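Chain residues, written in single-letter form:
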Number of protein chains: 2
Amino acid sequence: MSVLYEIPVELHSSRYRVMLGSELSTSIQSSELFQAASQIILVTNSTLEVLYSPFIELLFKEVTQAVVRVTLADGEHYKTWASLDKIHSAMLAAKCDRNCLVLAFGGGVVGDIAGFAAATYMRGVKFVQIPTTLLAQVDSSVGGKTAINHPLGKNMIGAFHQPSAVYADMALLQTLPKRELSAGIAEVIKHGLLADRALFDWLHLNMSALLAFNPTALLHVVKRSVEIKAKIVGEDETETGVRALLNLGHTFGHALEAVLGYGSWLHGEAVGCGLVLAGKLSQRLGMIHPTQVQKIEEVVASAHLPVRVPAEAPTQALLEAMLHDKKNQQGQLRFVVLEALGKATVQTVPLALAKEVIDKSR
Amino acid sequence: MSVLYEIPVELHSSRYRVMLGSELSTSIQSSELFQAASQIILVTNSTLEVLYSPFIELLFKEVTQAVVRVTLADGEHYKTWASLDKIHSAMLAAKCDRNCLVLAFGGGVVGDIAGFAAATYMRGVKFVQIPTTLLAQVDSSVGGKTAINHPLGKNMIGAFHQPSAVYADMALLQTLPKRELSAGIAEVIKHGLLADRALFDWLHLNMSALLAFNPTALLHVVKRSVEIKAKIVGEDETETGVRALLNLGHTFGHALEAVLGYGSWLHGEAVGCGLVLAGKLSQRLGMIHPTQVQKIEEVVASAHLPVRVPAEAPTQALLEAMLHDKKNQQGQLRFVVLEALGKATVQTVPLALAKEVIDKSR
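Residues numbered from 1 in each chain as written. Chains lettered and ligands numbered in written order. Predicted model: local features only at pLDDT ≥ 70, side-chain atom pairs only at ≥ 80, totals over all residues. Heavy atoms only, no water.

*Asks:* Explain the pairing of strand 8 (residues 153–160) of chain A here, please?
*Replies:* A regular strand places its side chains so that they alternate between the two faces of the sheet. All names here are of chain A. With seven of eight residues buried, strand 8 is to be regarded as a mostly interior element. The pairing of strand 7 (residues 145–150) with strand 8 spans five bridges and is classified as antiparallel. Residue Lys145 lies in a different strand from strand 8, and its bridge partner there is Phe160. As consecutive antiparallel partners, strand 7 and strand 8 are separated by two residues. (Buried < 20%, exposed > 50% of the residue type's maximum accessible area, 1.4 Å probe, protein only. Helix = DSSP H or I, 4+ residues; strand = E, 2+ residues; numbered from the N terminus. Pairing = 2+ DSSP bridges.)

Pasting the structure below:
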């Protein structure tokens, strides 16, 4: 099989393409980027290394360069400096030079760490994303955000470093746990809500096909998501303006993750619930109608995502977490809210309103 | 006193100015950058904190924002991830947001670590360089190279992150140890050799004034050095082309530092000797005349810098170190060589020639 769609991402600092298709090992290997690399560093985790060993084997079948393989432990818990250093140490031990190529083969955690390793190795080398989860395909692999966690905050240490290419391979999604599929769908719902009413309506009608891993359905949502994200990132590479819209549902979502303890809810689950809360906040501000909030809640619930704030997350703790979010500046609470289904904007909101919305969502 | 010269640095990613003058505390404090910052993080080392406490006190005299002070241990030995993490941890503990401003107050080590901390905090915040050594004023503070050392290599982990402003204060140089003054002069000689014959000739005539810390002499060499470096960096921000010329003397220099053990020779001392070796290599290639090499050696020696390869650095070890330099790609030895005094170019050189030049410089 080969690449079915190529979506360009046009930025000030660089331009690259997101390749969509199925069983892309051979396409990746024959790419110019791969051919031109002096060394290739494969970064993945211990689970994926086993699960996708045939894919990986095929990837390096006819490779003539030195290949450095770095396998990280599986999980957000390992998105640390120690994992970053493991990659850098392996690259230095193998004497990788500035023309090497880092391949991030995995979900958001692998992509973020490997991307940050590439951003900071000899002040920046090339990297390619091969996202293996729906969440990474529709969101984290595009846009150049890389990071590791710090004991005092998630994703606090990182860089903007754009990939040289992204390969979104539908075949890799077939083994995804159902819970992770749903978590990825949360970001697709987000893209529909903030920029594409048609995508949102499509989700309303076709959620069951998506939940059944229908390849055509998956391809559709990945394609539309990447197109939407590429357009927004192209307008605002380093998140000083319009890119903030991509945080729809994330102020509530990040707070839920932080208060429940990372790993309790998946990021996408927290975002799903956050989208419902952002909808309710928009309604409370008089921007959208209760029936629209109802529809958001239906779509989120149909993806098997949470729509209620759990008792384990006290309101006061959520509000405090939101005040510490790195998107907030100087103590103001800024939310992405909806002007309509398919249209978002950023607004400063009084703490009391956020409190009211949380309290009414239990 | 106030700013005497403003030298613009014009890059694709940003533009900023290098301010030259004396006793600039008040100018810095009243700058727009300072006024606009949500928090200010001062990064310095334990020696400078004591030595320049009046300067620092004046700097924050009428500041209304929160000031976070991070004091690192003094020395290249501390240019590590642990120091970087100390800065990040202090910033996170103080809840610094994306509008904060990092001040790097120190020499190259402080500037490199603080710059890298700013590059990677929340994917990049602003920083200002206040270089306190001649080396940092004429070289490392301009151009946006930031880095820390890795156990497997110096400056291997870092980023390109341009400062928002640089303040080169001549008053800060008056307390510089003589050995560090000489080390800084090595980079000035380099700038003359690679781009400005007049500067090189000026050094030939005025070395004693410079070594006596004459403020007018210091101002002249800092101004010309910054102008030369700004022009080159403006043409090649991320070192893919002409910026390589700034490595004149550095392939030999880095090898000397590595083989002698970091801390044995200062970076500038190794560069001084490296300039003589680069001159001899250029002569061996038939590009310059022996009398020109003679003049290079005279100027370097007059700055109290080494001009001979010491017995402690065996030729074979130096050659191996050069092959591992991150500027070299795929095992080729590339050197910056001189076409004339004031004009440099990059050339691939057989290992045997480099060996011959080293052997003849003992």
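*Asks:* Help me out: how do you make sense of the environment of Thr238 of chain B in this one?
*Replies:* Residues and elements named next belong to chain B. Here Thr238 shows up in the loop between helix 10 (215–235) and helix 11 (250–260). A relative accessible area of 41% means that Thr238 is categorised as partly exposed. With 176 residues separating them in the primary sequence, Thr238 and Glu62 have C-alpha atoms 37 Å apart.

*Asks:* Would you mind going over the interface of chain A and chain B with me for this structure?
*Replies:* A common way to express how large an interface is: the accessible area buried when the components associate. Across the boundary between the two partners, chain A contributes 35 residues, which contact 35 residues of chain B. For the pair chain A and chain B, the two sides together bury roughly 3,100 Å², of which 58% comes from carbon and sulfur. Counting across the interface, chain A meets chain B through two salt bridges. Where Glu239 of chain A meets Arg98 of chain B, a salt bridge forms, and the shortest distance between an N and an O atom there is 3.2 Å. At the level of secondary structure, the elements contributing two or more residues to the side of chain A that touches chain B comprise helix 5 (81–93), helix 6 (108–120), strand 7 and strand 8 of chain A. (Contact = heavy atoms within 4.5 Å. Buried area = accessible area lost by both parts, 1.4 Å probe. Salt bridge = Lys/Arg side-chain N within 4 Å of Asp/Glu carboxyl O.)

*Asks:* How should I be thinking about the side chain of Glu239 of chain A in this particular structure?
*Replies:* Mapped onto the elements, Glu239 of chain A comes out in the loop between helix 10 (215–235) and helix 11 (250–260). Polar side-chain contacts of Glu239 of chain A include one of 3.1 Å to the side chain of Asn247 of chain A. (Polar contact = N/O pair within 3.5 Å; in protein donor to acceptor, adjacent residues only side chain to side chain.)

*Asks:* Could you clarify how one ought to interpret the relation of the copies chain A and chain B in this entry?
*Replies:* One copy of the chain maps onto the second through a rotation about an axis and a displacement along it. At an RMSD of 0.0 Å, chain A and chain B line up after a rotation of 180° and a shift of 0.0 Å along the axis. Classification of the inter-copy transformation places it as that of a two-fold axis. Residue Ser13 of chain A of chain A places its C-alpha closer to the rotation axis than any other residue of that unit, at 3.9 Å. Of all interface residues in chain A, 100% are interface residues in chain B too; the two copies therefore contact each other through one and the same surface. (Least-squares fit on C-alpha atoms with pLDDT ≥ 70 in both.)

*Asks:* Teacher, can you tell me more about the packing of helix 8 (residues 178–195) of chain B against helix 12 (residues 267–284) of chain B here?
*Replies:* Two measures define how a pair of helices packs: the angle their axes make with one another and the distance between the axes. Residue and element names in this part refer to chain B. The interhelical angle for the contact between helix 8 and helix 12, taken along N-to-C directions, is 40°, at an axis separation of 7 Å. As the angle between them shows, helix 8 and helix 12 are arranged oblique. Where helix 8 crosses over helix 12, the handedness of that crossing is left-handed. Each of Arg179, Ala183, Ala186, Glu187, Ile189, Lys190 and Leu193 in helix 8 lies in contact with helix 12, whose residues at this interface are His267, Gly268, Glu269, Val271, Gly272 and Leu275. Residue composition of the contact of helix 8 with helix 12, by class: six nonpolar, three polar and four charged. (Axes fitted to C-alpha atoms, helices over the stretch in contact; angles between N-to-C directions. Parallel < 35°, antiparallel > 145°, perpendicular 65-115°, else oblique. Left-handed = near helix turned anticlockwise from the far one by under 90°. Nonpolar A, V, L, I, M, F, W, Y, C, P; charged D, E, K, R; others polar.)

*Asks:* Quick question: what am I supposed to make of the sheet that holds strand 5 (residues 101–106) of chain A here?
*Replies:* All names here are of chain A. In spatial order, the strands read 1-2-9-6-5-3-4; together these seven strands make up an open sheet with mixed pairing. The two strands at the open ends of the sheet, each matched to only one other strand, are strand 1 (3–10) and strand 4 (66–72). Going across the sheet, the axis of each strand differs from the next one's by a mean of 15°, ignoring polarity. Two strands pair when backbone bridges link them, and strand 6 (residues 126–131) and strand 9 (residues 165–169) are joined in this way by two bridges, in the parallel orientation. Note on strand 9: the bridge partner recorded for Val128 is Ala165. Of the strands in this sheet, strand 3 (39–45), strand 4 and strand 5 are in contact with helix 5, which crosses strand 4 at around 160°. Contacting strand 1, strand 2 (15–21) and strand 9, helix 10 crosses the sheet at an angle of about 15° to strand 1.

*Asks:* Looking at this structure, how should I read the domain arrangement of chain A?
*Replies:* Residue and element names in this part refer to chain A. What the domain assignment lists for chain A is domain 1 (3–175) and domain 2 (178–359). The distance between the C-alpha centroids of domain 1 and domain 2 comes to 26 Å. Each side of the interface is counted separately: domain 1 has 30 residues, and domain 2 has 32 residues. On the domain 1 side of the contact with domain 2, Leu134, Val138 and Lys154 bury the most area, a combined 22% of that side's loss. Counting across the interface, domain 1 meets domain 2 through three salt bridges. Taken together, domain 1 and domain 2 are joined by seven residue pairs in polar contact (both at pLDDT 80 or more). Among the residues forming the side of domain 1 that touches domain 2, the class breakdown is 17 nonpolar, nine polar and four charged. (Domains from an automatic or database assignment.)

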